[in-house]
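Geometric and topological summary
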Amino acid sequence: MTTPAPIAVALDAPDLETAARWAGLVTPHVSTVKVGLELYLRYGPDVIASVRGASGVQVFLDLKLHDIPNTVGAAARAVARLKPTYLTVHAAGGPAMVRAAVEASPGTRIAAVTLLTSLSEADLREVGIQGPPVDAARRMAAVAVGAGAQALVCSPREVAAVRAEVGPEITLITPGVRPAGAETQDQARVATPEHAVAQGADLLVIGRPITGAPDPGAAAAAIAAALRRVRPVGTP
Ligand SMILES: O=C(O)c1cc(=O)[nH]c(=O)n1[C@@H]1O[C@H](COP(=O)(O)O)[C@@H](O)[C@H]1O
């Protein structure tokens, strides 16, 4: 039995049956499944146990909390009992907000989103983030880790710079991952799975390239096999 690949499959599904079917197909090949806003807002907290199922796969709860510290602390406390491995917040909420989430959920790794991978350089300028995205990603990373975040979400194009900023102990999670030749859809700052790992990502978030495939299990297995052939930067 090979070690599950460091992939979190995004279960962005319209219903629980589809999400559970996808989870069953991909679980032998990947370490994690991710529950996002669509499933959580439709089904609520019970969806976590449904997708965790018998496999015991790690569950990543992606709610991207972004509010005043008091509200985010209370929200993180509300979901702490579900024991997700990861819970996302937006680094842009500031250090006090990130710290409120960290303190409210000691058993969960708070993953701070630096800059959404769907934002192009032009989009970032339009919303007031001047300069190269990598500089803003590094700033967001430093703020979030300074406030206690144990993980960061960033583009695979910025992951090496973020690693240089925060060091080896922080889990770096990269969505915006597309196998060579795959459609980018609404993603903007993307890279291949191999590049993301070679650049130092610890966990790849992949949704439609796997869940949109005719056979999601085979798609997950193929990417997992490709990753076993990659050496991250700096490894002998
Ligand atoms: O926090 C996330 O997981 C996230 C952050 C980010 O910057 N970009 C991003 O795409 N995501 C999530 O990663 C997944 C990407 O899905 P695909 O584009 O289908 O691979 C979605 O569930 C997004 O919500």
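Shown above is the structure to which this text applies.
Keep in mind that this is a model prediction, so the values were computed, not measured.

Further remarks concern the packing of aromatic side chains. The final tally for this structure, using the stated rule, is one aromatic pair. Ring centres of Phe-60 and Tyr-86 lie 5.4 Å apart, and the angle between their planes is 45°; this geometry places the pair in the tilted category. One end of the pair, Phe-60, is in strand S3 (residues 58-65); the other, Tyr-86, is in strand S4 (residues 86-90), with 26 residues separating them in the sequence. Looking at Tyr-86, the relative accessible area reads 4%, which means it is buried. Note that Lys-34 overlies the ring of Phe-60, its terminal NZ or CZ placed 6.0 Å from the centroid.

The next point concerns the pattern of salt bridges. Considering all chains together, one arrives at six salt bridges under this definition. We note a salt bridge from Arg-189 to Glu-158, for which the minimum N-O separation is 2.7 Å. Of this pair, Arg-189 sits in the loop between strand S7 (171-174) and helix H9 (193-198) while Glu-158 is found in the loop between strand S6 (151-153) and helix H8 (159-166), placing the two residues 31 residues apart along the sequence. Sharing partners across several salt bridges, the network here consists of Lys-34, Asp-62 and Lys-64.

This brings us to the packing of helix H1 (residues 16-26) against helix H11 (residues 216-228). Each packed pair of helices is defined by two parameters, the angle between the axes and the distance between the axes. Interaxial distance between H1 and H11 falls to 8 Å at its minimum, and their mutual angle equals 40°. One finds that H1 runs oblique with respect to H11. The handedness of the crossing between H1 and H11 is right-handed. In this structure, H1 uses Trp-22, Leu-25 and Val-26 to contact H11, whose residues at the interface are Pro-216, Gly-217 and Ala-220. When the residues that make up the contact of H1 with H11 are grouped by side-chain class, the tally is five nonpolar, one polar and no charged.

Another aspect to go through is the packing of helix H4 (residues 69-80) against helix H5 (residues 95-104). Axis separation between H4 and H5 bottoms out at 8 Å; the angle between their running directions is 25°. As summarised for this structure, H4 and H5 are arranged roughly parallel, according to the angle between their axes. Both H4 and H5 take part in a crossing whose hand is right-handed. Facing H4, whose interface residues are Pro-69, Val-72, Gly-73, Ala-76, Arg-77 and Ala-80, H5 presents Ala-96, Met-97, Ala-100, Ala-101 and Ala-104. When the residues that make up the contact of H4 with H5 are grouped by side-chain class, the tally is nine nonpolar, one polar and one charged.

Okay, the environment of Ala-111 next. Mapped onto the elements, Ala-111 comes out in strand S5 (residues 109-113). The buried category is assigned to Ala-111, whose relative accessible area is 0%. Sequence-wise, Ala-111 and Lys-64 are 47 residues apart; in three dimensions their C-alpha atoms are separated by 8.9 Å. Discounting residues that sit within four places of it in the chain, Ala-111 has contacts with Leu-87, Thr-88, Val-89, Ala-151, Leu-152, Val-153 and Ile-173.

The rules we used
Residues numbered from 1 in each chain as written. Predicted model: local features only at pLDDT ≥ 70, side-chain atom pairs only at ≥ 80, totals over all residues. Heavy atoms only, no water. Phe/Tyr/Trp six-rings, centres within 6.5 Å; stacked < 30°, edge-to-face > 60°. Helix = DSSP H or I, 4+ residues; strand = E, 2+ residues; numbered from the N terminus. Buried < 20%, exposed > 50% of the residue type's maximum accessible area, 1.4 Å probe, protein only. Lys NZ or Arg CZ within 6 Å of the ring centre and 35° of its normal. Salt bridge = Lys/Arg side-chain N within 4 Å of Asp/Glu carboxyl O. Axes fitted to C-alpha atoms, helices over the stretch in contact; angles between N-to-C directions. Parallel < 35°, antiparallel > 145°, perpendicular 65-115°, else oblique. Left-handed = near helix turned anticlockwise from the far one by under 90°. Contact = heavy atoms within 4.5 Å. Nonpolar A, V, L, I, M, F, W, Y, C, P; charged D, E, K, R; others polar.

So, to be careful, I would describe these as geometric facts and stop short of saying anything about function.
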